Amino acid sequence: MMATALALVGPVAAQTPPNVLVIGQIAEPASLDPHVSTAANDFRIAVNLYDGLVRNKPGTLEIEPALATAWTISDDGLEYTFNLREGVTFHDGTPFNAEAVKFNFDRMLDENHPFASTGPFPLAFFFSSVDKVEAVDDLTVKFTLNEPFAPFMSNLASPTGLIVSPAAVEQYGADYGRHPVGTGPFKFEQWQSNTSVVASRNDAYWDGAPTLEAVIFRPITDANTRVAEMLSGGIDVLLETPPDNIAQFSNDANYQVKEVVGPHVWYVMLNAKDGPFADKRVRQAVNYAVNKQSLVDNVLQGTAGVSAGPIPPAFNWAYNEDVQPYPYDPEKAKALLAEADAEGATLTFLVTEGGSGMLDPVPMGTAIQADLAAVGLKVEIKTYEWNTFLSEVNPGLEGKADMAEMAWMTSDPDTLPFLTLRTAAFPAEGGFNSSYYSNPEVDKLLDEARVATDQSVRGDLYKQVQAITHEDAPWLFVANWKQNAVVTSAVGDFELQPDFSLVLRDVTKQ
Amino acid sequence: MGSYIAKRLLAAIPVIIGLSIIVFLVMKLIPGDPAQALLGSYATPDNVARINRALGLDRSWPEQYFIWVGNLLQGDFGRSYILNRPVLDEVLERFSATLILAGASLLICSVLGILAGTVSAVRQFGWTDRIVTFFVLIGISMPAFFLGLIFILFFAVQWRLLPASGMYAVYGGGDLPDLLRHLILPAGTLAIVATGVVARLTRAAMLEVLRQDFVRTARAKGLGEGAVIWRHAFRAALVSVIPVLGIQAGFVLGGAVYIETVFQWPGLGQMLVKAVSTRDLLLVQGGVLVAATVYVLVNLLADVAQATLDPRLKG
């Protein structure tokens, strides 16, 4: 009896095996079919099982070759021709070729495709500008677009552009998401529901086999439990550490804390159609009134940086360094409010309880409320659960509220302003411009940027967009989230990527 | 007895039908839908409509309900929108995990609770009674999730004796000792509150029985004290304790929701919490239906056990 009891509680329980990396994920993956999935959580696994035609160069958001070795873009921006890498096979042994690429995009985009029913494909609209995909020869594939669409390459590098094995989709049908087959550095081995996803080294990987023998992803939803697992030795990598625990790990030599700013913006949209925010001076006033530095330092404990505009600094080629965040200046805010005759106004503020990329939305909302109270604005907070919140906010704020929290993570600088700041993106038109911001100059710049295939030209256009929107202040610009992870000292060459993916091909473990 | 059970089973049918309608309606009436949850910030009306069409959610509510029930009757619970997997597979897998957790804690709370309650009644106002009462009070007043966090802090993080979460180790484990090692903390935590309740009620029932005439008669006949208490009084007290165990079974099933979240136990409660927040309609409907059916059956079982012990109740 005693012996059994001792066997049950031996400290041997708390060791991860050598050369196998155990990762504490934030949730059970929904699907490992990258075209079906929408969650960053799933994509962190998928990017290790699959490759796309192109990928983001490690540490940047610049495009580099992956399954495609080179490409040409026609002058009118309508035809993209890719040369494919030779000799690559999927993990199931079937060859990667132009037909496989065509199969991937046809499945997502053509509702009559024989395997369209293996969807739905929620993010397929990333490629809605694609008119047709043709296999020119075995190793050449041509995409024809129905309009010029500059973000096309960034979207190809996003997880929705990862290439799956057609043979495996045919074999598993709707269950493909639990039997993923790609060309990536790790091969899928096993998915034990709610316990783990295991992937092993692909010795034949075209970009050099990884050092790690295997990686194991464990779903641990509760953040405190995730921290406890890290401290008790059950995992080697802890993702999305709660801000309160970061200091504890940075002060301990057994751990390394990794951080990187991602393409994320956290903002408060301001209703420019009716109410006090119809006046630009009031919108500027709240930007002066809120102490964003204190918000990211105290509420978010340094896990975010202060945001200056709608384009996150992670897109370094499109980010305007000259646009500085509004300084904290309550006196200036009061002066602007007096000028606009909006002193003592009452504002309704929609706040969510949680949600993708929303960080700590309730404490952030109350901190903003307190800062606005200090300049004499009375803010009434209404709190909603995430899905309810979206269905309140997405149809527009008119007649309902003056302010609403929102956050986006995107793969291209175009996405956020295009969907939220154009006149043609008002909710009635099917966009997300719920605050009804409208400036013809911004509309024009965004349209031009969308068709410009030269990256430096595009970059300049976005820099102008930032300067104008900063001045117009359609939002209260607040924060850019820094993604974090904690790894044990045994883990080497682990870096987080600005696109929020988790690239493990070069990681080592002693 | 057979007809009693049949009657009770028949009575459960309208309860389950009613429940299926309520669950269906509740999931329809809360704002947000699976397409919205899948698409998040990208939920344009176009995209939402496209996904709803793909999921068959563009049909009328009665149509959706009857399609669901029709499939159910053929044993098809549908596919989870979010997990992209048959609902029944997921629910059964999750439910067996919950049953292991709830079963273990029910066992712990029954054995410990009845034992503690009986001992403390027999030695009323003695030091055993005081110690038991003290721990019962702590057990009842401490929130289970908080206790769970404290256990994790000491047993997993400080002493590294037991795993902090999960049901099996992700490598090498998977056998019975591995399961038991993972089970100790969550089942123990879940059992503590229930143990207090059972001990308290057993103590009260025993005290009442001990005062009755037949116990005095048994003593007068010259039976040993052990025989009086265990063979006569204890058996009589059980009649009022057993239905409490039925209620406790429901309680541990419900309490499992918190414990599953704290200890990352892959059970039904944890699944339902997530499925509701992602508006995974079919998964919620299937999960609730299975849980409710089992709840009805457990209560039936408790009533049958009570009727067996006390023939007056058979009616």
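As a starting point, this report considers the structure included with it.

## A few points about the overall build of chain A
Assigned secondary structure in chain A consists of 15 helices and 20 strands. The C-alpha radius of gyration of chain A comes to 24 Å, within 12% of the 24 Å expected for a compact globule of 510 residues. With the principal axes as the frame, chain A shows a C-alpha extent of 70 × 70 × 35 Å. The buried share of chain A, taken over its 510 residues, is 60%.

## A look at the sheet that holds strand 4 (residues 68-73) of chain A
All names here are of chain A. Judged by pairing direction, the sheet is antiparallel, and its four strands sit side by side in the order 4-5-7-6 without closing on themselves. Pairing within the sheet leaves two strands with one partner each, and these edge strands are strand 4 and strand 6 (130-137). When the angles between neighbouring strand axes are averaged without regard to direction, this sheet yields 20°. The sheet strands contacting helix 3 (residues 98-109) are strand 5 (79-84), strand 6 and strand 7 (140-145), and the helix crosses strand 6 at an angle near 165°.

## Digging into the pairing of strand 6 of chain A
Residue and element names in this part refer to chain A. Sheet topology places strand 6 next to strand 7; six bridges connect them, and they run antiparallel. Across the sheet, residue Val133 finds its bridge partner in strand 7, namely Phe143. The turn joining strand 6 and strand 7, which pair antiparallel and follow one another in sequence, is formed by two residues.

## Some words on the interface of chain A and chain B
Opposite the 61 residues of chain A that make contact, chain B presents 50 residues. A combined buried area of about 4,500 Å² lies between chain A and chain B, and 56% of that area is made up of carbon and sulfur atoms. One can count three salt bridges joining chain A with chain B. Arg279 of chain B is the partner of Glu385 of chain A in a salt bridge, and the nearest nitrogen-oxygen pair spans 2.8 Å. Our enumeration of links across chain A and chain B arrives at 16 residue pairs in polar contact (both at pLDDT 80 or more). When contributions to the side of chain A that touches chain B are tallied by element, the ones reaching two or more residues are helix 1 (2-8), strand 10 (214-219), helix 6 (223-231), helix 12 (386-393), strand 17 (403-409) and helix 13 (415-420) of chain A. Of the residues belonging to the side of chain A that touches chain B, the class tally is 31 nonpolar, 22 polar and eight charged.

## Observations regarding a nonpolar patch on the surface
Residues and elements named next belong to chain B. Nonpolar side chains collect at one region of the surface, where Leu10, Ile13, Ile17, Ile21, Leu25, Leu29 and Trp61 lie side by side and expose about 670 Å² of accessible area between them. Of the residues forming the nonpolar patch, the biggest block, six residues, is contributed by helix 1 (residues 2-29). Tracing the chain through its elements places Trp61 in helix 4 (residues 61-73).

## Points about the nonpolar core
One recurring pattern in soluble globular proteins: nonpolar side chains tend to sit buried together. Phe82, Phe143 and Ile368 of chain A are the most contacted members of the largest nonpolar core, which totals 173 residues. Residues Met230 of chain A together with Ala156, Val209 and Ala233 of chain B belong to the second largest nonpolar core, which totals 61 residues.

Quick notes on the rules
Residues numbered from 1 in each chain as written. Chains lettered and ligands numbered in written order. Predicted model: local features only at pLDDT ≥ 70, side-chain atom pairs only at ≥ 80, totals over all residues. Heavy atoms only, no water. Helix = DSSP H or I, 4+ residues; strand = E, 2+ residues; numbered from the N terminus. Rg over C-alpha atoms; globule rule 2.2 N^0.38 Å. Buried < 20%, exposed > 50% of the residue type's maximum accessible area, 1.4 Å probe, protein only. Pairing = 2+ DSSP bridges. Axes fitted to C-alpha atoms, helices over the stretch in contact; angles between N-to-C directions. Contact = heavy atoms within 4.5 Å. Buried area = accessible area lost by both parts, 1.4 Å probe. Salt bridge = Lys/Arg side-chain N within 4 Å of Asp/Glu carboxyl O. Polar contact = N/O pair within 3.5 Å; in protein donor to acceptor, adjacent residues only side chain to side chain. Nonpolar A, V, L, I, M, F, W, Y, C, P; charged D, E, K, R; others polar. Patch = residues over 30% accessible without salt bridge, like charges linked within 9 Å, V, L, I, M, F, W, Y side chains within 5 Å. Areas by Shrake-Rupley, 256 points an atom, 1.4 Å probe, with all protein chains shown as cover. Core = buried A, V, L, I, M, F, W, Y, C linked by side-chain atoms within 4.5 Å.

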